[in-house]
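Here are the chains, one letter per residue:
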2 protein chains.
Amino acid sequence: MSQPGTVVVVGIGPGASDLMTPRARAALVASDVLVGYAGYVALVGDLVAGKECHALPLGQEIERARLALDLAGKGRCVSVISSGDPGVYGMAGVVLELLRDVTEPERPEVIVVPGVSALMAAASLLGAPLGHDFAVISLSDLHTPWDIIARRLEAAAGADFVIALLNPKSRQRAWQLDRAREIILRSRNGESVVGVVRNAYRPEQGVVVTTLGRLHEVRVDMFTTVIIGNSCTVGFQGKIVTPRGIVSAER
Amino acid sequence: MSQPGTVVVVGIGPGASDLMTPRARAALVASDVLVGYAGYVALVGDLVAGKECHALPLGQEIERARLALDLAGKGRCVSVISSGDPGVYGMAGVVLELLRDVTEPERPEVIVVPGVSALMAAASLLGAPLGHDFAVISLSDLHTPWDIIARRLEAAAGADFVIALLNPKSRQRAWQLDRAREIILRSRNGESVVGVVRNAYRPEQGVVVTTLGRLHEVRVDMFTTVIIGNSCTVGFQGKIVTPRGIVSAER
């Protein structure tokens, strides 16, 4: 029997090819097999021409991770393609969760190659909204009960964190963003600055600076990141800045 | 008088040159002048040979930002070098804060090039600790009163966020990490999994997986990121994984 191989979970960045690191590129080129969501495999198409390639539909994260571990267990070097950074609600967690169930002789090595996250990509287009303490919350209640999400929104808003909302909306999840906005408005002013970024560094990129009070007027979908400033965040000329310092303890 | 130029705030990633994006590299190469902390300018030395280069000491963030804006106001194309991602407690915020005070004829364009953040870099070496909602908190009370930091630690711990601590300790700030640990322990078990990463993707990199109860035994300094898991985070074989889902609402 062959030695187990390697699974490299590769963060390819937000989309633009010049925001993919050379290390990510090298990992894709060096691997025997690629596994990924079809949309992301397409983003790296030119790099992986001629390689064995398993492009699976969205939603089949566990299937993708299992396939990668199976192939690596047989000695292959497998790249799992993750957009943005693979560690932030990405494939790294799914692969490592399943790795725990793989028994010794077939257990491959797993390496995570970090990438420019969708969050940092969105933030950079807005200016510097993440200049101070921030909380990142996924509004997807597919795998997490809503009451836990609500409790986190409440805690983050109450302690004046900048709040980044990932997976804010999809065709199946239409009400969560409005509910989140209501929860945050309990401890935040409607004038709080909010940035909404769609498809950062991809075709059809969109950047909107608005307020918490008017957030419901902006188009939001599953390719959108919403960043809500803290009480010191300011908007000017289409940019958002959260100062690194807080002068007064009482606000 | 010449037209105002551009300030490009460039995230060069955690340190290893193959974790710097091609876009960051191109920005450095295209600029006339470089401004940065001396230690980071050294990291990109080969790229910027022959260029006008202003390497300033640590702590002089405002001076660096002002110099960059002044030079750009005179028509130069200036790169400001930021390690990791420039938006996370980085130079992007400082530059944009000062930009608000620059009056129209000399106001340069400011562009932020995102990078692989120190946070994602540290997380990738630990496995996938940021697989679910997380809060990022700087323990530096140089610009923020400690009571605000304490309140955020309490809120994040109480709502079961994964908590990433940046700037956990320095020669001048010795007690903050212990105090943070005490605050988090009020709502978290001492067995909570904790990852400590020093100098991610740099020489002298160090990765330790421990528990909240034993965190005080680990060496921590200003080049360290501390990531404290949520109640579902598990450690195995030197890796940390936070599952993407939470099965039960009551834990």
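Here the structure is shown first, and the text comes after it.
Everything quoted here is computed from the prediction, not taken from an experiment.

(A) Structural view of the overall build of chain A. Scanning chain A for helices and strands turns up 7 helices and 13 strands. On C-alpha atoms alone, chain A measures out to a radius of gyration of 20 Å, which is about the 18 Å that the 2.2 N^0.38 rule sets for 251 residues. When the 251 residues of chain A are sorted by exposure, 60% land in the buried category. Accessible surface for chain A amounts to roughly 9,700 Å². Of this, 51% is attributable to carbon and sulfur atoms.

(B) Region of the structure containing the nonpolar core. Ranked by size, the top nonpolar core spans 52 residues in total, and within it Leu 153 of chain A together with Leu 153 of chain B carry the most contacts. In this view, Leu 153 of chain A contacts Ile 137, Leu 139, Trp 146, Ile 163, Leu 165, Ala 180, Ile 183 and Ile 184 of chain A; residues no more than four positions away in its chain are not counted. The next biggest cluster of nonpolar side chains, apart from the first, holds 46 residues, and it includes Val 193 of chain A together with Leu 125, Phe 134 and Ala 200 of chain B.

(C) Region of the structure containing the pattern of salt bridges. One pass over the structure, following the stated rule, counts 22 salt bridges over all chains. Two residues, Asp 18 of chain A and Arg 23 of chain B, come together in a salt bridge whose shortest N-O distance is 2.9 Å. Of the two residues, Asp 18 of chain A is situated in the loop between β1 (6-11) and α1 (22-30) and Arg 23 of chain B in helix α1 (residues 22-30); the pairing between them involves two chains. Overall, the relative accessible area of 26% leaves Arg 23 of chain B in the partly exposed class. For Arg 198 of chain A, the salt bridge goes to Asp 221 of chain A, with nearest N and O atoms at 2.8 Å. Linking Arg 198 of chain A in strand β9 (residues 193-198) with Asp 221 of chain A in the loop between β10 (206-211) and β11 (224-228), this pair joins segments that are 23 residues apart in sequence. Overall, the relative accessible area of 16% leaves Asp 221 of chain A in the buried class.

(D) Inspection of the relation of the copies chain B and chain A at higher detail. Once chain B has been moved 0.0 Å along the axis and rotated by 180°, it coincides with chain A to within an RMSD of 0.0 Å. Here the transformation between the copies is reduced to the relation of a two-fold axis. Of the interface residues in chain B, 100% have counterparts in chain A that sit at the interface too, so the contact is made through matching surfaces.

(E) Helix α7 (residues 176-185) of chain A, seen in detail. Residue and element names in this part refer to chain A. Taken as a whole, α7 has its buried residues at Gln 176, Leu 177, Ala 180, Arg 181, Ile 183 and Ile 184. Looking down the long axis of α7, one finds its buried residues gathered within 165° of arc, a one-sided arrangement. Lining the buried residues of α7 we find α6 (146-158), β8 (162-166) and β11.

(F) Fine view of the pairing of strand β2 (residues 33-37) of chain B. Residue and element names in this part refer to chain B. Of all the 5 residues making up β2, 5 are buried; the element is thus mostly covered by neighbouring parts of the structure. Alignment of β2 against strand β3 (residues 52-56), held across 5 bridges, turns out to be parallel. Bridged to Gly 36 within β3 is Ala 55. Read from β2 through helix α2 (residues 38-43) to β3, the crossover connection turns out right-handed. Alignment of β2 against strand β4 (residues 77-82), held across 4 bridges, turns out to be parallel. Counterpart to Gly 36 in the pairing with β4 is Ile 81.

(G) Broad picture of the sheet that holds β1 of chain A. Residue and element names in this part refer to chain A. The sheet built from 5 strands is open, its strands ordered β3-β2-β4-β1-β5 with parallel pairing. Every other strand in the sheet has two partners, leaving β3 (52-56) and β5 (109-113) as the edge strands with one partner each. Neighbour-to-neighbour, the strand axes of the sheet open up by a mean angle of 20°, direction not taken into account. Relative to β5, β1 runs parallel, the two sharing 5 bridges. The residue bridging Val 7 from the neighbouring strand is Val 110, located in β5. Across the face of the sheet, helix α3 (residues 61-73) comes into contact with β1, β2 (33-37), β3, β4 (77-82) and β5 while running at roughly 170° to β2.

(H) The arrangement of the sheet that holds strand β12 (residues 234-236) of chain A in detail. Residue and element names in this part refer to chain A. Across the sheet, 3 strands lie side by side as β6-β13-β12; this open sheet has mixed pairing. Taken across any chain shown, the strands that pair with only one partner, and hence form the sheet edges, are β6 (127-128) and β12. Note that β6 and strand β13 (residues 239-241) share 2 bridges and pair parallel. Paired with Ala 128 across the two strands is Val 241, which belongs to β13.

(I) Molecular detail of the interface of chain B and chain A. Of the residues lining the interface, 69 residues belong to chain B; the matching set on chain A comes to 69 residues. Of the roughly 6,200 Å² buried between chain B and chain A on both sides combined, carbon and sulfur atoms contribute 60%. Of all residues in chain B, the largest losses of buried area upon contact with chain A belong to Arg 23, Arg 152 and Arg 244 of chain B, amounting jointly to 13% of the total for that side. Across the salt bridge formed by Glu 61 of chain B and Arg 244 of chain A, the nearest N and O atoms sit 3.4 Å from each other. Counting across the interface, chain B meets chain A through 24 residue pairs in polar contact (both at pLDDT 80 or more). Broken down by element, the side of chain B that touches chain A gets its largest block of residues, 7 residues, from helix α6 (residues 146-158) of chain B. By residue class, the composition of the side of chain B that touches chain A is 36 nonpolar, 17 polar and 16 charged.

(J) Quick look at a nonpolar patch on the surface. On the surface, a nonpolar cluster with roughly 270 Å² of combined accessible area is contributed by Leu 58, Met 222 and Phe 223 of chain A. On the secondary structure map, Leu 58 of chain A appears in the loop between β3 and α3.

(K) Representation of the packing of aromatic side chains in the model. Using the criterion set out here, one finds 4 aromatic pairs over all chains in the structure. Relative to Tyr 40 of chain A, the ring of Tyr 37 of chain A lies with its centre 4.8 Å away and its plane at 90°, an arrangement referred to as edge-to-face. Residue Tyr 40 of chain A is classed as buried on the basis of its relative accessible area of 18%. Here the basic side chain of Arg 100 of chain A rests over the ring of Phe 236 of chain B, its NZ or CZ set 5.7 Å away from the ring centre. For Arg 152 of chain A, the ring lying beneath its charged end belongs to Phe 161 of chain B, and the centroid distance is 5.7 Å.

How each quantity is defined
- Residues numbered from 1 in each chain as written.
- Chains lettered and ligands numbered in written order.
- Predicted model: local features only at pLDDT ≥ 70, side-chain atom pairs only at ≥ 80, totals over all residues.
- Heavy atoms only, no water.
- Helix = DSSP H or I, 4+ residues; strand = E, 2+ residues; numbered from the N terminus.
- Rg over C-alpha atoms; globule rule 2.2 N^0.38 Å.
- Buried < 20%, exposed > 50% of the residue type's maximum accessible area, 1.4 Å probe, protein only.
- Areas by Shrake-Rupley, 256 points an atom, 1.4 Å probe, with all protein chains shown as cover.
- Core = buried A, V, L, I, M, F, W, Y, C linked by side-chain atoms within 4.5 Å.
- Contact = heavy atoms within 4.5 Å.
- Salt bridge = Lys/Arg side-chain N within 4 Å of Asp/Glu carboxyl O.
- Least-squares fit on C-alpha atoms with pLDDT ≥ 70 in both.
- Arc of directions from axis to C-beta.
- Pairing = 2+ DSSP bridges.
- Right-handed = clockwise from strand over helix to strand, strands pointing away.
- Axes fitted to C-alpha atoms, helices over the stretch in contact; angles between N-to-C directions.
- Buried area = accessible area lost by both parts, 1.4 Å probe.
- Polar contact = N/O pair within 3.5 Å; in protein donor to acceptor, adjacent residues only side chain to side chain.
- Nonpolar A, V, L, I, M, F, W, Y, C, P; charged D, E, K, R; others polar.
- Patch = residues over 30% accessible without salt bridge, like charges linked within 9 Å, V, L, I, M, F, W, Y side chains within 5 Å.
- Phe/Tyr/Trp six-rings, centres within 6.5 Å; stacked < 30°, edge-to-face > 60°.
- Lys NZ or Arg CZ within 6 Å of the ring centre and 35° of its normal.

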